[in-house]
Amino acid sequence: MIIIAALVLLFAVFFFLKKHVGPAHLAVIAGISVYESFGKNIVDGIHQLIKNAPTNVIEVIVFLILVLGLPMLLYLRSGRGGIFGILRIIEAAIFSALLVSLCAWCLTSFISLDGLSNNILSFIESYKGIIMVSGIAFAYFDILMYRDDY
């Protein structure tokens, strides 16, 4: 149920706030790259500062900041508008599915998922590459279609 709740919550945020998802989506991809390249170094550095903190908790926090926190901050600060109609529904679904699939391991580190959540997550994981590529295409389209009307 937790995966369904996360999907519905993120979809509602992305659909109803009607902000530009493009920059935030590309920030997620950048956060993944930074975490894969420097995540271990960042975690080790924080673990040296806070010796009693469990390493897995530090890993989850660093990952969530880079992949979820900073892109969501960018999304919430972006302007209104962008893609509309059926494309907004597709864009919101793609972005919420991508974030859930990327951040699911953080949830499973602390709680166990039920059968339905595992089935939904495995379905999303099987299409993760397609979701990521189509999300990047929508992000570029969203950025290209953005007009700053003052």
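Check the entry above for the structure.
One structure accompanies this document, and this report is about it. Note that the coordinates shown come from a computational prediction; the quantities given were computed from them, not determined experimentally.

Reading the values: rules and limits
Residues numbered from 1 in each chain as written. Predicted model: local features only at pLDDT ≥ 70, side-chain atom pairs only at ≥ 80, totals over all residues. Heavy atoms only, no water. Phe/Tyr/Trp six-rings, centres within 6.5 Å; stacked < 30°, edge-to-face > 60°. Helix = DSSP H or I, 4+ residues; strand = E, 2+ residues; numbered from the N terminus. Buried < 20%, exposed > 50% of the residue type's maximum accessible area, 1.4 Å probe, protein only.

### What about the packing of aromatic side chains?
One pass over the full model with this rule turns up seven aromatic pairs. Geometrically, the ring pair formed by phenylalanine 14 and tyrosine 75 is edge-to-face, given 5.1 Å between the ring centres and 85° between the ring planes. With a gap of 61 residues between them, phenylalanine 14 in helix H1 (residues 2-16) and tyrosine 75 in helix H3 (residues 55-77) connect regions that are remote in the sequence. Residue classification places phenylalanine 14 among the buried positions, given a relative accessible area of 0%. Relative to tryptophan 105, the ring of phenylalanine 63 has its centre 5.1 Å away and its plane inclined at 65°; by these criteria the two rings are edge-to-face. In this pair, phenylalanine 63 sits in helix H3 while tryptophan 105 sits in helix H4 (residues 86-108), placing the two residues 42 residues apart along the sequence. Assessed through its relative accessible area of 30%, tryptophan 105 is described here as partly exposed. One aromatic cluster is present, formed by Phe11, Phe15 and Phe16 through successive ring pairs.

As far as function goes, none of this settles anything; it's purely spatial.
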